[in-house]
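Per-entry structural report
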Amino acid sequence: MAGRVGRLFLLGMLLWLAGTKGQSAEPLVTTTRDPVEQERCLDRLNQVFEALRKFRSEQHRLPDALSELVPDYIQDRRTLICPFVDKSADLRTWMAGLYKDVIADEVSSYAYEFCLVRLPREWWRGVARTYRDYKEDQRGVIGDKVPLIRCMAHEPRINVSFGGDWYPSDTEWETRFEGAHPDLSPAGLQARKVSHSFPAAQDFPGRNPAADSTMLDLTSSYNGLLQSDWQGYPGNNLKSLPPAVHELDGVKFDVRGVVQLAGRKLPITFPARTAPISVGRRCKRIHVLQGTAFTPGDVMEIARYKLQYADGSVEQLAVTYGVHVADWWLNPENSNVPSKARVVWTGLNDAAKSWGESLRLFLTTYDNPHPDREILSVTFESAMKRSSPFMLAITVER
Ligand SMILES: [Zn+2]
């Protein structure tokens, strides 16, 4: 199930499986466009909203799940099931077609987004937060228009807002508000909270005298400190990797900072490429210490190293997800190592720990296609996919 849910998120399928091709062998549930069914459902949603309102005024909090309304605030538990779902499918079938965490309990067909289920790791890479935390952040931006309960059995979907109004929307209701509030995603909301100024060159530790010229000096390309939450997610850092010359699987690296490139899911906007990093020598091989945040959804090129030779020629070394690099967060259920990389460092931080995950960095070795030519410089460039590549050190081998 976890793998399937992961793929769903990658596809941007927030809640809904029905209607997608070849996704699942599970029975698909249908949706309705019938305005009569919409009216019936709205009647029921209003009853649920009233029960929620009463619960909130008496308990001074929201319920953790809709089932908490039964029996004190809702006597008949069928009130928690859309009338169309009730007659077209049994609840179990219906649940099988949905991403059930959002609903969070097994007695309701309605989506309750203020539940205490954790946000998926593909949405959030800080210390774990719940859907409710996320929804409260959305309320901070658009107020009580945030849906409190939703019915996904209709086209369009039905939303009853925190303020008690109803409105139709796509599966992703946020698109309705996109004009005025461009990004209500977890990363977009976090972007409003974090500083967008990058550390200066002097904020990084000075170059270690043990670092010789084969270990490229990345000082002017660093944009993240090892000990800071450089990607913009709280608790997500490389504090457990001390700045030093590290010998990793036989290769020495000058490790003092992070070169992070842009990606769509990071709260901070990073550059798409570095300035050319000076090499000034011939070499047989190029060793890179790297990682990436989030999965792109498939095996694909997520970045490249562009080699500029002294004779004017240019070569590109691909950074392909699944081949040269993989997500630096190690999910114990999916510990695949990319085919042409070695895991040379593992560690922890508070964010990964809160998810039961750990960290890893990859050593990738590239053969220089022209070992007889002097390389002037190397440029690290993002392919602007969903995965956000970063690199810590480059060492060339004579
Ligand atoms: Zn409904």
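Residues numbered from 1 in each chain as written. Predicted model: local features only at pLDDT ≥ 70, side-chain atom pairs only at ≥ 80, totals over all residues.

Quick look at the sheet that holds strand S8 (residues 277-281) now. Ordered in space as S8-S15-S10-S11, the four strands form an open sheet in which the pairing is antiparallel. Every interior strand has two partners, whereas the edge strands, S8 and strand S11 (314-320), have only one. Going across the sheet, the axis of each strand differs from the next one's by a mean of 25°, ignoring polarity. Here S8 runs beside strand S15 (residues 375-382); their pairing, made up of three bridges, is antiparallel. Looking at the pairing, Ile277 lines up with Val378 of S15. (Pairing = 2+ DSSP bridges. Helix = DSSP H or I, 4+ residues; strand = E, 2+ residues; numbered from the N terminus. Axes fitted to C-alpha atoms, helices over the stretch in contact; angles between N-to-C directions.)

Domain annotation of the chain identifies domain 1 (2-191) and domain 2 (201-397). The distance between the C-alpha centroids of domain 1 and domain 2 comes to 39 Å. The partner domain 2 presents 20 residues to the 13 residues of domain 1 that form the contact. Within the residue set of the side of domain 1 that touches domain 2, elements represented by two or more residues are helix H1 (2-10) and helix H7 (186-191). For the side of domain 1 that touches domain 2, the residue count by class is seven nonpolar, three polar and three charged. (Domains from an automatic or database assignment. Contact = placed C-beta atoms within 7 Å. Nonpolar A, V, L, I, M, F, W, Y, C, P; charged D, E, K, R; others polar.)

Our next topic: unusual backbone geometry. Along the chain, Val70 connects to Pro71 via a cis peptide bond; the corresponding omega equals 5°. Inspection of the secondary structure puts Pro71 in the loop between helix H2 (35-59) and helix H3 (83-88). At Phe294, a residue that is not glycine, the phi angle is positive and equals roughly 75°. Along the chain, the position of Phe294 falls in the loop between strand S9 (285-293) and strand S10 (301-309). If you check the backbone angles, Met384 has positive phi at about 60° while not being a glycine. Its 14 C-beta neighbours within 10 Å are what place Met384 among the partly exposed residues. (Buried ≥ 20, exposed ≤ 12 C-beta atoms within 10 Å, placed from the backbone.)

Let us look at the environment of Thr379. Mapped onto the elements, Thr379 comes out in strand S15. What makes Thr379 partly exposed here is the crowd of 17 C-beta atoms within 10 Å. Once residues lying within four places of it in the same chain are set aside, the contact partners of Thr379 are Arg273, Thr274, Pro276, Ile277 and Lys306.

Before going further, it helps to spend a moment on the confidence of the model for the chain. For the chain, per-residue confidence averages 89 on the pLDDT scale, and residues scoring 70 or more make up 90% of the total. With pLDDT under 50 throughout, residues 1-27 is counted as low confidence; its partners more than four residues away or in other chains account for 38 contacts. (pLDDT = per-residue confidence, 0-100.)

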